[in-house]
2 protein chains.
Amino acid sequence: MENIVTQEILELIEQKKFGAVKQIIISMNGVDLAILFEELPPEIWLKIFRLLPKELAADTFVELDSDLQEALIKGFSDKELKEVISELYADDAVDIVEEMPANVVKRILKQADPEMRKDINQLLKYPEDSAGSVMTTEFVDLKSHLTAEQALQNIRKTGIDKETVNTCYVTKNDRVLIGTVSLRTLIISGPNEEISELMDANPISVTTDVDQETVAKTFKKYGLLAMPVVDTENRLVGIVTVDDVLEVMQEEATEDIVKMAAIVPNDKTYFKTGVFETFKVRFPWLLLLMISGTFTGLIISSFESRLTLFPALIAFIPMLMGTAGNSGGQSSVTVIRAISLEEIHFKDILKVIWKETRVALLCGLILAVVNFLKIFLVDISLFGSTATVIDNIIVCLTLLITVVIAKCVGAFLPMLANKIGLDPAVMASPIITTAVDIIVLVIYFGLAALLLGI
Amino acid sequence: MENIVTQEILELIEQKKFGAVKQIIISMNGVDLAILFEELPPEIWLKIFRLLPKELAADTFVELDSDLQEALIKGFSDKELKEVISELYADDAVDIVEEMPANVVKRILKQADPEMRKDINQLLKYPEDSAGSVMTTEFVDLKSHLTAEQALQNIRKTGIDKETVNTCYVTKNDRVLIGTVSLRTLIISGPNEEISELMDANPISVTTDVDQETVAKTFKKYGLLAMPVVDTENRLVGIVTVDDVLEVMQEEATEDIVKMAAIVPNDKTYFKTGVFETFKVRFPWLLLLMISGTFTGLIISSFESRLTLFPALIAFIPMLMGTAGNSGGQSSVTVIRAISLEEIHFKDILKVIWKETRVALLCGLILAVVNFLKIFLVDISLFGSTATVIDNIIVCLTLLITVVIAKCVGAFLPMLANKIGLDPAVMASPIITTAVDIIVLVIYFGLAALLLGI
């Protein structure tokens with residue numbers, strides 16, 4: 001649908017029917033307009049942007065890609081820049097400033113009014129991914145002695161500039177947070193009821209240094225729409241709103257997912273990450289895991305001369321490694337996710353291992369039986385494998401034992417990592433697979449030595 | 001902290017100081033109370049629950065585990081059950097009903113008032129994971145001819161029973177949705193302004209059958225707090241609120257993560273999934289991937305007699321398979337996530353493959369060089385490997401070629417899967433690894449045949 005609109009607008013622009021273009025775009029929202037801008041040729045960005053009414057222009061501006069924002073800012077007059085900035089919320093302004101080159105940042109700060117400048121500078125100080133860095137400084141604060149009626153008047157006067165008025169924050173004179181009160185409560189209560197009676201005096205809050213992932217989890221746990229952020233003296237300094245939390249949740253899920261694939265996370269989109277950058281986030285683990293392959297090589301080498309006597313055994317190595325690796329990968333990913341969702345903790349380790357052992361025995365037994373039959377019916381009868389019954393027993397026993405060990409290792413390593421303060425997500429398939437490869441070979445050759453006397 | 005409170009409460013209960021217990025728990029919120037209940041012995045659940053004021057009791061009840069809910073319902077008198085149900089929102093009631101055995105459901109429906117019963121029955125009809133199944137039927141609807149003042153009076157009267165009043169919905173007489181208006185707008189505008197002038201006449205909405213994942217994406221895209229759900233005739237039937245979306249986002253991320261580890265997703269927590277159930281979600285892929293190992297076995301078997309002449313080559317097979325598998329896993333997971341976040345589409349396929357090829361060439365070249373040196377300096381000099389220079393060249397060439405192919409296959413398969421309507425998340429490491437194992441062997445043995453004349 002967007003493409004039809006874009007097509008229509010491009011045609012209207014070609015025919016210089018800017019009045020008609022304006023008619024269409026002023027009925028759109030900022031998000032869809034930002035998508036439209038990406039499709040337009042750069043030379044008309046400024047022209048189209050100037051057709052937008054002030055508020056919609058700001059709504060659109062915050063949604064744009066930083067390259068596009070930069071191009072527009074460079075084309076803006078000081079007055080235009082000032083207008084756009086004055087419509088922004090401080091947290092959005094900070095997001096923009098963080099992506100701009102120094103000279104553009106200087107221009108932005110120069111055009112921002114003093115209060116906005118102060119807010120931006122303050123927010124820039126918080127560490128990346130902390131509650132302070134995702135909060136906004138625009139909120140409604142009320143005093144507890146006000147009545148509901150007075151509070152509503154207050155909101156009427158100041159609320160237009162605040163990011164959200166659905167929840168208001170009750171503070172003492174020294175800005176210490178003492179409660180929250182929802183706009184709904186203010187509306188529904190009698191006009192003369194006092195805020196101190198209406199407010200929730202035990203609001204859930206975080207300090208500025210708390211990690212954004214914890215902030216997101218707290219939102220989910222308590223079903224919040226906004227959460228106050230306080231300094232170490234419990235003074236209210238900002239609020240985090242749920243729309244920012246949706247972004248955080250997505251970012252954190254992406255980070256976990258790529259870590260599990262042995263990639264160093266970065267926060268850019270696929271096409272925004274250049275080839276060399278992509279190389280940099282993927283290469284370290286590939287190198288480390290390749291070098292750890294030395295051990296599997298060593299084990300095979302040390303059995304080399306004996307293996308040549310029983311060549312049929314070699315053919316099963318990839319299948320055994322693959323199955324054990326997949327088994328361990330399943331339990332590690334399940335456990336990593338459960339740790340991240342706080343469903344399991346280190347104290348549950350025996351319960352987890354016990355559960356994984358039973359699951360693994362079930363999986364391993366049935367896989368071993370199927371494999372035993374398969375080797376006879378397919379590999380030997382159909383494809384002429386030279387595997388003997390003893391070979392087959394060695395393969396299937398290895399399968400059973402390694403599936404059990406792999407599942408336990410896969411569950412244990414992430415829990416251990418978490419316990420000692422490492423990120424459990426790193427202990428996913430790639431590491432587990434490499435560890436399990438070694439275990440498979442040791443057990444396989446050990447059983448071969450035992451049963452074949454090699 | 002929770003544990004200290006639990007300890008304190010348990011002691012107070014032992015001393016039969018129920019007044020003191022009540023003092024503590026009435027200052028807590030439903031979420032934390034639900035956590036507390038999990039820690040209490042079942043025989044006092046009902047006793048403690050009865051200490052809670054009506055509203056907090058309902059808040060706590062919805063947060064409880066379904067086993068605990070069932071136990072409480074069985075202990076409730078009809079009057080108590082009726083009270084709890086009357087405080088619930090319809091969507092929460094449905095979530096509870098879905099987990100209960102038939103006789104308990106009957107009792108719940110009997111105690112629900114007729115309107116609630118109608119709502120529950122209606123919501124139960126929508127397919128699982130659809131917008132209809134996550135929406136609530138309690139919202140404020142207004143007529144467009146009302147003034148802001150009249151609308152506020154309306155909200156004062158009816159808003160207490162609605163899940164959210166922050167956004168109100170404007171409908172025509174036949175319930176057709178024509179706009180939305182925020183409570184903030186109603187407060188801030190002049191009392192005599194008409195809703196038709198104040199409302200957003202292009203609200204973003206979904207139909208009841210839309211998948212919950214799409215609903216969550218729309219929330220994130222537009223930064224919404226609530227979204228109207230309409231039927232095929234654009235009649236308003238419910239709203240989805242952002243707190244439910246946070247749940248959905250987490251569920252969907254979990255689903256993607258476990259699928260990528262070759263697990264069939266289910267929506268239970270780690271410990272709620274029994275051993276046999278865990279077996280069932282993990283076994284199918286293990287079996288399939290094990291059986292596909294037949295191919296790697298076949299390839300090795302067919303080279304068996306020749307391999308015994310060059311035993312040094314065998315030692316490098318696991319390292320080659322591991323590195324190619326990890327390379328393919330990295331690109332597949334990156335692409336799967338980018339597809340899920342709608343950063344890439346099928347039309348980008350050539351761009352993606354071109355990027356992956358360049359990244360893979362960089363990774364593959366450096367890995368091959370490092371490996372070449374490692375084989376000389378470590379494997380041969382240190383560990384006495386019998387690999388020759390030609391062997392080393394074969395290994396490193398295979399490494400380079402398979403890293404490039406693996407990265408392209410890893411990027412291509414998820415995009416193809418998505419194009420033909422399959423879930424791209426299935427095309428993650430386990431499948432890629434198995435596919436890549438075969439490619440590695442074919443190239444390795446092919447190069448060996450070429451360069452060693454075997």
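Here is a short report on the structure shown in this document. (Residues numbered from 1 in each chain as written. Chains lettered and ligands numbered in written order. Predicted model: local features only at pLDDT ≥ 70, side-chain atom pairs only at ≥ 80, totals over all residues. Heavy atoms only, no water.)

Section: the interface of chain A and chain B
Then, number 1: If you look at the interface, chain A gives 111 residues, while chain B gives 111 residues.
Then, number 2: Between chain A and chain B, the buried area comes to about 10,000 Å², and carbon and sulfur atoms account for 70% of it.
Then, number 3: On the chain A side of the interface with chain B, the three residues burying the most area are Arg184, Tyr270 and Met290 of chain A, jointly 8% of the side's total.
Then, number 4: Our enumeration of links across chain A and chain B arrives at four salt bridges.
Then, number 5: Among the salt bridges present, the one from Lys221 of chain A reaches Asp32 of chain B, with a minimum N-O distance of 3.9 Å.
Then, number 6: Summed over the shared surface of chain A and chain B, the result is 32 residue pairs in polar contact (both at pLDDT 80 or more).
Then, number 7: Take the side of chain A that touches chain B: its biggest share by element is 19 residues, from helix 17 (residues 275-307) of chain A. (Contact = heavy atoms within 4.5 Å. Buried area = accessible area lost by both parts, 1.4 Å probe. Salt bridge = Lys/Arg side-chain N within 4 Å of Asp/Glu carboxyl O. Polar contact = N/O pair within 3.5 Å; in protein donor to acceptor, adjacent residues only side chain to side chain. Helix = DSSP H or I, 4+ residues; strand = E, 2+ residues; numbered from the N terminus.)

Describing the environment of Leu447 of chain A
All names here are of chain A.
Then, number 1: Position of Leu447 among the secondary structure elements: in helix 21 (residues 429-452).
Then, number 2: Classification of Leu447 as buried rests on a relative accessible area of 13%.
Then, number 3: Residues Leu447 and Ile393 lie 54 residues apart in sequence; the distance between their C-alpha atoms is 9.4 Å.
Then, number 4: In contact with Leu447, not counting residues within four places along its chain, are Ile394, Leu397, Thr398, Ile401 and Leu452. (Buried < 20%, exposed > 50% of the residue type's maximum accessible area, 1.4 Å probe, protein only.)

Here's the deal with the pattern of salt bridges
Side chains bearing opposite charge may pair, as long as their charged atoms lie close to each other.
Then, number 1: For the structure on display, the rule yields 34 salt bridges over all chains.
Then, number 2: We note a salt bridge from Arg282 of chain B to Glu356 of chain A, for which the minimum N-O separation is 2.7 Å. Placement of the pair is Arg282 of chain B in helix 17 (residues 275-307) and Glu356 of chain A in helix 19 (residues 349-380), with the two residues belonging to separate chains.
Then, number 3: The class for Arg282 of chain B is buried, based on a relative accessible area of 1%.
Then, number 4: Residues participating in the shared-partner salt-bridge network are Asp65, Asp67 and Lys272 of chain A.

Notes on the nonpolar core
Then, number 1: Of all hydrophobic cores here, the largest spans 133 residues; its most connected members are Ile25 and Ile48 of chain A together with Ile25 and Ile48 of chain B.
Then, number 2: Excluding residues within four positions of it along the chain, Ile25 of chain B makes contact with Ile9, Leu33, Leu36, Ile48, Leu51, Leu52 and Leu56 of chain B.
Then, number 3: Residues Met290 of chain A together with Ala368, Ala406 and Val409 of chain B belong to the second largest nonpolar core, which totals 87 residues. (Core = buried A, V, L, I, M, F, W, Y, C linked by side-chain atoms within 4.5 Å.)

Section: the sheet that holds strand 4 (residues 206-207) of chain A
To summarise the sheet geometry, strands pair through backbone hydrogen bonds and adopt either a parallel or an antiparallel arrangement.
All names here are of chain A.
Then, number 1: Strand order in the open sheet formed by three strands is 4-5-6, and the pairing between neighbours is mixed. Unpaired on one side and paired on the other, strand 4 and strand 6 (236-241) mark the two borders of the sheet.
Then, number 2: In terms of strand pairing, strand 5 (residues 226-230) meets strand 6 through five bridges, oriented antiparallel. Residue pairing in the sheet places Val230 in a bridge with Leu236 of strand 6. (Pairing = 2+ DSSP bridges.)

Focus on the sheet that holds strand 4 (residues 206-207) of chain B
Then, number 1: Strand order in the open sheet formed by three strands is 4-5-6 (chain B), with mixed pairing between adjacent strands. A single partner strand is all that each edge strand has here, and the edge strands are strand 4 and strand 6 (236-241) of chain B.

Note that all results are geometric; they support no functional claim without further evidence.
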